[in-house]
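Take a look at the letters that make up each chain.
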Amino acid sequence: MSLRNIAIIAHVDHGKTTLIDRLLAASGMFRDNQRIADRAMDSNDLERERGITILAKVTALEWQGDRINIVDTPGHADFGGEVERILNMVDGAVLLVDASEGPMPQTKFVLSKALQIGLKPIVAVNKIDKPDERHEEVVNEVFDLFAALDATDEQLDFPLLYGSAKEGWMATDPGGDRTSMAPLFDMVVSHVAPPETEDGPLRVLVTTLEADPYLGRILTGRITSGEAKHNMVVKALSRDGKVVEQARISKVLAFRGLERIGVQTASAGDIVAIAGFTKATVADTLCAVDVTEPIPSDPIDPPTLAMTFRINDGPLAGREGSKVQSRVIRERLMREAEGNVALRVTHAVDSDAFEVAGRGELQLAILIETMRREGFELCVGRPRVVMQTDEATGKQLEPVEEVTIDVDEEFSSTVVKKLSERRAELADMRPSGSGRQRLVFHAPTRGLIGYHGELLSDTRGTAVMNRMFHAYVPYVGAIPARRTGVLISNSQGDAVAFALWNLEDRGPMFVTPGTKVYEGMVVGEHTRGNDLSVNVLKGKKLSNVRASGKDDAVTLTPPIKMTLEKALAFISEEEFVEVTPKSIRVRKALLDPHERKRAERRKVEVA
């Protein structure tokens, strides 16, 4: 039985996970009466809710005597760290492109990584059943993208497939047989070479890490040379060749469909999961005891965005969550940073705070949401960019992103105006069919924090925005921040409908009657530029005098419901988002109004 290792790479929502569902079904990995959820590879709750892949996962299937290991990769740029590592584990890739959208920013990102390491991708044009499909132009755009990324002649001569993963077919011709996935299987077997192996003792480069409640740390990687055997004594080497630990392999797990099955021996070229280590992590080499040279691994792109995570020290702390101490938060963040190489965790100046740097707002928001569901309570600060210093000139450099926005033509001028205010430069503007335009900007990451919600409001929810790290450039100057102030509660208790009704003229509210509030908590947005302390607990004064109109029912405007992403985009430098398992609140960093005034005075004196 020969072996093939491939990755499915594409932009977010171009159909990777659906394609793998169909491949598994076509290869006979499921029983006829087996009940399978849609997007079976997206096993995580958050992945199912958001409809995106966050963690790379491996599956394996058999086709006419050949075994194919397939890796499903995330399509969102914030999780690009996963894609970079995974591509070192495979010998080929299927690049999936939407037949109407064509190549998108993340298509460019994943393809550039695949071409750099010498992979020869198979291009599959997916969703050809859509009414607005334009497969001929899309193929030309893909070819132009390959050429722009300095592909070799061999890579430019890519094989093409057309099909619809949703309908379960692939063909070498757009009008071909629409009944099976066989052409894709045959193409993988003929175009992708079997894995290259080396002679010598066992060596495995770890590409992903996860924790299992029964087996402990599970390290997944491809065996470069030798054999991995159950109970074998091996050691882990770090990237610089130092011994991390020596351990006995307690389990060798091979992938079969959606299952992982324990095997006694796994040979070179196969992708396996190994248990038994307690310290080894991603980018380490697991090897036989007599090996001294680690497998070289590429450094991962640096984080561009940082946030402060700290303990929840508000008056309502500990009422909803069970994990509130800084020690527990620290352990959880360190555990996350071990498995996720795109994250960096450091101690902040404040002893109860941690600086967490990652690839983007979505990646950090997913981490906060995951912790919240695990019972954590914490406060997080406004996202800010990670600056670098140019060694030659000593100037500060900031990250700039390539932003692609698909928008209806009538809204394009508004989008250009708003992004110009945020110091973005328009790099390209062209029609993308059906009365829409595709705008490409180079925008500083600072200017994009919190922009997504504003974009959807400006375009009535019709715009689609994609971002990708572009380069570090010299600091571009100040960017206008939020123009409005906030309404701050001046006392603790339950909000009262009568008080909220009287405050409606001051601005939109974030709380409903009965919501628990405390001094320093933000309860609404002020219509003017200054902050205002308000009393949301003030009830109606009752008297014996009766008059018509006195007891009219209070009708309140529905409040703005704060989601985690909305709250992170809304807050300023002096505010925190308080995250608990049941609530998301916005609060001032300094709850006491006198302390806030003193801090304001100090800031003016320093300036």
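Reading the values: the criteria
Residues numbered from 1 in each chain as written. Predicted model: local features only at pLDDT ≥ 70, side-chain atom pairs only at ≥ 80, totals over all residues. Heavy atoms only, no water. Helix = DSSP H or I, 4+ residues; strand = E, 2+ residues; numbered from the N terminus. Buried < 20%, exposed > 50% of the residue type's maximum accessible area, 1.4 Å probe, protein only. Contact = heavy atoms within 4.5 Å. Areas by Shrake-Rupley, 256 points an atom, 1.4 Å probe, with all protein chains shown as cover. Pairing = 2+ DSSP bridges. Axes fitted to C-alpha atoms, helices over the stretch in contact; angles between N-to-C directions. 1 Å grid on protein atoms, 1.4 Å probe; cavity = no way out; pocket = protein on both sides within 12 Å on 5 of 7 lines; lining within 4 Å. Points joined across faces, edges and corners; volume = space filled by probe spheres on them. Nonpolar A, V, L, I, M, F, W, Y, C, P; charged D, E, K, R; others polar. Right-handed = clockwise from strand over helix to strand, strands pointing away. Core = buried A, V, L, I, M, F, W, Y, C linked by side-chain atoms within 4.5 Å. Phe/Tyr/Trp six-rings, centres within 6.5 Å; stacked < 30°, edge-to-face > 60°. Salt bridge = Lys/Arg side-chain N within 4 Å of Asp/Glu carboxyl O. Parallel < 35°, antiparallel > 145°, perpendicular 65-115°, else oblique. Left-handed = near helix turned anticlockwise from the far one by under 90°. Patch = residues over 30% accessible without salt bridge, like charges linked within 9 Å, V, L, I, M, F, W, Y side chains within 5 Å. Lys, Arg positive; Asp, Glu negative; His and termini not counted. Charge placed at Lys NZ, Arg CZ, Asp CG, Glu CD. pLDDT = per-residue confidence, 0-100.

(A) Structural context of the overall build of the protein. Helix and strand counts for the protein stand at 15 helices and 34 strands. Among the 607 residues that make up the protein, the fraction classed as buried is 52%. Considering only intrachain contacts with a sequence separation of at least 6, the fraction spanning at least 24 residues in the protein is 72%. Of the accessible surface of the protein, which amounts to about 28100 Å², a share of 49% is contributed by carbon and sulfur atoms.

(B) View of the sheet that holds strand β13 (residues 251–256). Ordered in space as β12-β11-β17-β8-β9-β16-β13-β14, the eight strands form an open sheet in which the pairing is antiparallel. The open sheet is flanked by β12 (243–248) and β14 (259–263), the only strands paired with a single partner. When the angles between neighbouring strand axes are averaged without regard to direction, this sheet yields 35°.

(C) Fine view of empty space enclosed by the protein. Counted according to the given criterion, the structure contains one cavity of 30 Å³ or more. Its volume calculated, the largest cavity comes out at about 50 Å³. Forming the boundary of the largest cavity are I6, I8, L23, L61, I68, I70, V94, L184, F185 and V188. Secondary structure elements with two or more residues in the lining of the largest cavity: β1 (3–10), β3 (66–72) and α7 (182–191). Considering each element in turn, the lining of the largest cavity owes the most residues, three residues, to α7. When its residues are assigned to classes, the lining of the largest cavity shows 10 nonpolar, no polar and no charged.

(D) Local environment of the environment of G381. Mapped onto the elements of the fold, G381 is located in the loop between β21 (378–380) and β22 (384–385). A sequence separation of 73 residues divides G381 from T308, and the C-alpha atoms of the two residues are 5.1 Å apart. Discounting chain neighbours no more than four positions away, the residues touching G381 are M307, T308, L568, I571, E575 and F576.

(E) Summary view of the pairing of strand β5 (residues 122–126). The buried count for β5 comes to five of five residues, which makes it a mostly enclosed element. Of the two faces of β5, the one carrying I122, A124 and N126 and the one carrying V123 and V125 are both buried. Note that the unit made of strand β4 (residues 92–98), helix α4 (residues 105–116) and β5 has a crossover that is right-handed.

(F) Just the nonpolar core, in detail. If you look at the biggest cluster of nonpolar residues, it comprises 34 residues, and the most contacted ones within it are I9, V71, L87, L95 and F146. Breaking this core down by element, the ones donating at least two residues are β1, β2 (57–63), α3 (80–86), β4, α4, α5 (135–148), β13 and β16 (271–275). Of the residues forming this core, the biggest block, five residues, is contributed by α4.

(G) Up close: the packing of aromatic side chains. Evaluation of the coordinates by the stated rule reveals five aromatic pairs. Between the aromatic rings of F146 and F158, the centroid separation amounts to 4.6 Å while the plane-to-plane angle is 35°, which identifies the pairing as tilted. Of this pair, F146 sits in helix α5 while F158 sits in the loop between α6 (153–156) and β6 (160–164), and the two are 12 residues apart along the sequence. Pair check on accessibility: F146 and F158 agree, each one buried.

(H) Structural context of the pairing of strand β26 (residues 436–444). Of all nine residues making up β26, eight are buried, and the element is well covered by its neighbours. Of the pairings in the sheet, the one linking strand β24 (residues 396–408) to β26 comprises nine bridges and is antiparallel in character. Directly across from E401, in β26, lies its bridge partner A443. Here strand β25 (residues 425–433) pairs with β26 via seven bridges, running antiparallel. Considered in β26, the bridge of G433 is made with R436. Between β25 and β26, which pair antiparallel and follow one another directly, the connecting turn spans two residues, one of which, S434, has a positive phi of 60°.

(I) Looking closely at the pattern of salt bridges. Here the structure, examined in full by the defined rule, presents 30 salt bridges. In this structure, the salt-bridge partner of D408 is R436, at a minimum N-O distance of 2.8 Å. Pair noted here: D408 is in strand β24 and R436 is in strand β26, with a separation of 28 residues, a long-range link. Judged by relative accessible area, which is 19%, D408 ranks as buried.

(J) Region of the structure containing the packing of helix α10 (residues 412–421) against helix α12 (residues 451–458). Contact geometry of α10 with α12 gives a least axis separation of 10 Å together with a crossing angle of 155°. With respect to α12, the element α10 is oriented roughly antiparallel. Along this stretch, α10 crosses α12, giving a crossing that reads as right-handed. Residues T414, V415, K418 and L419 of α10 lie in contact with α12, whose contacting residues are Y451, E454, L455 and D458. Tallied by class, residues from the contact of α10 with α12 come to four nonpolar, one polar and three charged.

(K) A look at the environment of P303. Assignment of secondary structure puts P303 in the loop between β17 (285–288) and β18 (305–311). Look at P303 and you get buried, because its relative accessible area is 8%. C-alpha of P303 to C-alpha of R359: the two residues are 56 residues apart in sequence and 4.8 Å apart in space. Not counting residues within four places of it along the chain, the set of residues in contact with P303 comprises A342, R344, A357, G358, V386 and Y472.

(L) Broad picture of a positive patch on the surface. Together, K597, R598, R601 and R602 line one region of the surface with positive charge. With respect to the helices, strands and loops of the structure, R602 is situated in helix α15 (residues 593–606).

(M) Seen up close, unusual backbone geometry. Here K127, not a glycine, exhibits a phi torsion of approximately 60°, which is positive. Counting through the fold element by element, K127 comes out in the loop between β5 and α5.

(N) Geometry of the confidence of the model for the protein. Looking at the protein as a whole, its pLDDT mean stands at 82, while 90% of the residues score no less than 70. Segment residues 31–43: pLDDT under 50, and 32 contacts once partners within four positions in sequence are set aside and those in other chains are kept.

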